[in-house]
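Below are the chains, spelled out letter by letter.
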Amino acid sequence: MARNEQQVAVMVDGGSLRRGDVIHIGGQPMAVFDLHHVAGGAKRIAFRSGDVLTITPRTALVVLRTVAGWEGPQC
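To keep things clear, this report deals only with the structure shown in the data block. (Residues numbered from 1 in each chain as written. Predicted model: local features only at pLDDT ≥ 70, side-chain atom pairs only at ≥ 80, totals over all residues. Heavy atoms only, no water.)

**A short note on the pairing of strand E3 (residues 28–37)**
Within a regular strand, the side chains alternate between the two sheet faces. Defined as follows: A pair of strands counts as paired when DSSP detects no fewer than two bridges linking them. Secondary structure is summarised from DSSP: a helix means a run of H or I of at least four residues, a strand means a run of E of at least two, and numbering begins at the N terminus for each.
Looking at chain direction, strand E2 (residues 22–25) and E3 are connected through four bridges and run antiparallel. Each residue of the ladder has a partner; that of His-24, found in E3, is Pro-29. Turn length for the E2-E3 hairpin, with the two strands adjacent in sequence and antiparallel, is two residues, and the turn residue Gly-26 shows positive phi of about 60°. Inspection of the sheet shows E3 paired to strand E4 (residues 43–47) by five bridges, in the antiparallel sense.

**Here we look at the pairing of strand E5 (residues 52–55)**
Inspection of the sheet shows E4 paired to E5 by four bridges, in the antiparallel sense. Bridge pairing links Lys-43 to Ile-55 in E5. Connecting E4 to the antiparallel partner E5 that follows it, the hairpin turn spans four residues, and Gly-50 within it adopts a positive phi of roughly 100°.

Such coordinate-based values are descriptive only and should not be taken to indicate function.
Pasting the structure below:
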């Protein structure tokens, strides 16, 4: 059985956001490139596009996350 990667929708908060997660903002998919901690527990998210977004620790987001190890179709 082949193993491949798939993207799944996951609800995250500021503490569980990861590099590589994809957030849809204004209908545009934005891939998280880097994360920085800022005062008050907030996080500054840098996207591959060069845009930046700051979120609080309580901000809830739905992201697309790549998950490895899913089984492919059986032959």
